[in-house]
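These are the residues of each chain, in order.
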Amino acid sequence: MSSKLWGGRFTKSAEEWVDEFGASISFDQELVQEDIQGSLAHVTMLKQCGILPEEDADQIISGLKSLQGKAEKGELTFKVEMEDIHLNLESMLINEIGPVGGKLHTGRSRNDQVATDLHLYMRNQTNVILQLIHDLQEAILGQAKKNVETLIPGYTHLQRAQPISFAHHLMAYFWMLERDKERFSESYKRINISPLGAGALAGTTFPIDRALSAELLGFEGIYENSLDAVSDRDFAIEFMSNSATMMMHLSRFSEEIILWSSQEFQFVELDDAFSTGSSIMPQKKNPDMAELIRGKTGRVYGNLTGLLTVLKGLPLAYNKDMQEDKEGVFDTVKTIVGSLKIFAGMISTMKVKKDIMEKATRNDFSNATELADYLAAKGMPFRKAHEVVGKLVLHCVQNGCYLVDLSIEQFQEASELFDHDIFDALDPYEAVKRRNSAGGTGFAQVQLAIEKAEKLVNK
Ligand code: ARG
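Criteria and thresholds
Residues numbered from 1 in each chain as written. Predicted model: local features only at pLDDT ≥ 70, side-chain atom pairs only at ≥ 80, totals over all residues. Heavy atoms only, no water. Helix = DSSP H or I, 4+ residues; strand = E, 2+ residues; numbered from the N terminus. Rg over C-alpha atoms; globule rule 2.2 N^0.38 Å. Buried < 20%, exposed > 50% of the residue type's maximum accessible area, 1.4 Å probe, protein only. Contact = heavy atoms within 4.5 Å. UniProt positions renumbered as here; feature names shortened; annotations may be inferred. Near = heavy atom within 4 Å. Polar contact = N/O pair within 3.5 Å; in protein donor to acceptor, adjacent residues only side chain to side chain. Areas by Shrake-Rupley, 256 points an atom, 1.4 Å probe, with all protein chains shown as cover. Nonpolar A, V, L, I, M, F, W, Y, C, P; charged D, E, K, R; others polar. Patch = residues over 30% accessible without salt bridge, like charges linked within 9 Å, V, L, I, M, F, W, Y side chains within 5 Å. Salt bridge = Lys/Arg side-chain N within 4 Å of Asp/Glu carboxyl O. Disulfide = S-S within 2.5 Å.

Draft legend 1. Quick peek at the overall build of the protein chain. Tallying secondary structure elements over the protein chain gives 19 helices and six strands in all. The C-alpha atoms of the protein chain give 31 Å as radius of gyration, which overshoots the globular expectation for 459 residues (23 Å, by more than 25%). Reported as C-alpha extents along the three principal axes, the dimensions of the protein chain are approximately 100 × 50 × 40 Å. The burial tally for the protein chain puts 50% of its 459 residues in the buried class. Considering only intrachain contacts with a sequence separation of at least 6, the fraction spanning at least 24 residues in the protein chain is 75%.

Draft legend 2. Focus on the UniProt feature "domain: Fumarate lyase N-terminal" (unreviewed entry) in the protein chain. Those places that UniProt annotates as "domain: Fumarate lyase N-terminal" (unreviewed entry) correspond, in this numbering, to residues 8-302. For residues 8-302, helix accounts for 60% and strand for 6%, while the C-alpha atoms at its two ends are 39 Å apart.

Draft legend 3. Examining the site of the ligand more closely. Taken together, Ser 24, Asp 28, Asp 84, His 86, Arg 110, Asn 111, Val 114, Tyr 318, Gln 323 and Lys 326 make up the full set of residues adjacent to the ligand. Asp 84 has a polar side-chain atom sitting 2.9 Å from a nitrogen atom of the ligand. In this structure, Lys 326 approaches the ligand through a side-chain N or O atom, which is 2.6 Å from an oxygen atom. Protein chains bury 86% of the 340 Å² of accessible surface belonging to the ligand in isolation. The greatest single-element share of the shell around the ligand, amounting to three residues, is contributed by helix 6 (residues 110-146). Residue classes in the shell around the ligand are distributed as two nonpolar, four polar and four charged.

Draft legend 4. Expanded view of the environment of Asp 427. Looking at the element boundaries, Asp 427 is found in the loop between helix 17 (422-426) and helix 18 (428-434). The partly exposed category is assigned to Asp 427, whose relative accessible area is 22%. Taking the C-alpha atoms as reference, Asp 427 lies 8.9 Å from Glu 370; in sequence the two are 57 residues apart.

Draft legend 5. Expanded view of a nonpolar patch on the surface. A cluster of nonpolar side chains, Leu 201, Leu 227 and Leu 316, forms an exposed patch at the surface whose accessible area comes to about 260 Å². Mapped onto the elements of the fold, Leu 201 is located in the loop between strand 3 (193-194) and helix 8 (210-216). Owing to a relative accessible area of 38%, Leu 201 belongs among the partly exposed residues under this scheme.

Draft legend 6. Summary view of the pattern of salt bridges. Using the criterion set out here, one finds 25 salt bridges in the structure. Arg 110 is the salt-bridge partner of Glu 83, the closest N and O atoms lying 3.1 Å from each other. In this pair, Glu 83 sits in the loop between helix 4 (54-72) and helix 5 (85-97) while Arg 110 sits in helix 6, placing the two residues 27 residues apart along the sequence. Under the relative-accessibility criterion, Arg 110 is labelled partly exposed at 24%. For the salt bridge of Asp 325 with Lys 326, the shortest nitrogen-to-oxygen distance reads 2.8 Å. Judged by relative accessible area, which is 2%, Asp 325 ranks as buried. Judged by its relative accessible area of 3%, Lys 326 falls in the buried class. Each of Glu 83, Asp 84, Arg 110 and Lys 320 takes part in a single network of salt bridges with overlapping partners.

Draft legend 7. Layout of unusual backbone geometry. Going from Leu 316 to Ala 317, the amide bond is cis rather than trans, its omega being 0 degrees. Locating Ala 317 in the fold gives a position in the loop between helix 11 (288-311) and helix 12 (325-349). Of note, His 157 is a non-glycine position whose phi angle comes to about 55 degrees, a positive value. Along the chain, the position of His 157 falls in the loop between strand 1 (151-156) and strand 2 (159-165).

Draft legend 8. Inspection of the state of the cysteines at higher detail. Taken as a whole and assessed by the stated rule, the structure comprises zero disulfides. Considering cysteine sulfurs only, Cys 401 is the nearest to Cys 396, which forms no disulfide, with 3.7 Å between them. Judged by relative accessible area, Cys 396 falls into the buried class, the value being 0%.

And the structure:
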C-alpha cells in the first residue's frame, strides 16, 4: 500500500527518486496563497449548495484560514512525498482539523484546482506588472520633460540621419510601453475566467455552482467547456508572449543606453548605483544592469518557446506534461518584474550630457536633408535637390569640412535658389524645430506628445 493521498489502488510505493522527479512542490509552493484562496471559494460554494454540511464546511474554512496565516508567516513546511502544493495543503488541512479535511476535495480535481491557481496567480501578477510599466513610463516622462530642447543625432542604420529632440527619442519607448500595457490589459480578460468546477475533465455529479465559486474568486465568468477549462494554457502563453515583446523593447532601450554611455558616444552617464566596476581595470564603469536586461530577454523568449513546445500536440485533456508550465511562468514574472524596476531607477537617475549630444548634431551631415528640403520648397524637384546636395556633401567630405563651412558663393554655384537664409536652415536647432508634422520631432509636437502621455499615465 502506498502512503499517498491517492494511494488506494497502488500496491507499492515509488522509489524516492521517482517521487522526486514527479514532484512539483519545489516550485509550485509559489502558488500557496492562490491554492488556499481557491479552496476557500470551493468549500464556501459546497456549503452554500448544501453539498457539505455547514459544520464540516466551517471547520474546513477555519482550517484553511489557519494555514493561510501560517503561509503568510512562512511557517509551512512542504514535503516532496506530498508531490505538489495541492496535496501538501490537503494533507496539512487533514492534520490540522482531522479526517473532515478530506471532504474539501468533493466535486473537485487537482486539474481544475491547478488551473484555477494559475489563473489567480497570473491575474495578481498582471496587476503588478501593469503598475511597474506605468512607473517606468513615469521615469521616461520625467527625463523627457527635462529634455524637450536637448538635441541629439537621430540615427538610421546607426549612421547619423537627422537631428532630433532627445525627449522625442525617449518618448518612442513610452509609446512602446503603452502598447505593452494594452497587451497585458487585453489578455487580462482571458486570465480572469474560472476553470473551477470543471473537475478532472468532465464536470462533476455534485450539484455545484460554478458561477458562485467564480464570483467568490472575482472571476468575470467561467469556461464554457470542462475539457478546455483544464487543458487551456493559452492565457499563460499570451502572458509570456506579452512579456517577450516587452523585454524586446527593454533590450533595444538597453542597447542604446549601453552605446550612449560608452566612451565613443558619452551622451549619458549612468548613476553609480546602476553601474559596476571591473575587478582588474580601475577606470571601468560598466552598464551592467542594461546589459543584464538585454541578456535576460533571452530567457523570457526561451520560456515562451518552452511552453509552446510543451503544449504542442497534447491530446485533451490534462496531461502531466502541463506541470512544466509553471517554472517558465514564474521565471518570466521574476525576470520582468526585476527588469522593470531596475529600468525605472536607471532612467530616472541617468545624467544626460546635453552639451556632448548637441555638439554631435553639429559635427556631421545630419543637416543635409535641410538643404534638400530648402531647394524643394523653392520649387526644385526633390529628387534633383537630393542630387545637388549630395554633390555638396561629397565636396565637403573630400575637403574635410561640413556644410556650414561652405560660403554663400559655393552654395550658389551649386544652385541659384540658395540665398543667405540657408545658414539658418542648416542650424540643427532650427531643423528640429521645423519638423512639426504630427508625431514629428518639432519641439511643439514633442510638448504635445508629453502632455498627452501625462494624461494617459495619470488617468
Ligand atoms: N502538480 C500538477 C501540475 O502542476 C497538478 C495537477 C496534477 N493532476 C494530476 N492529475 N496528476 O500540473
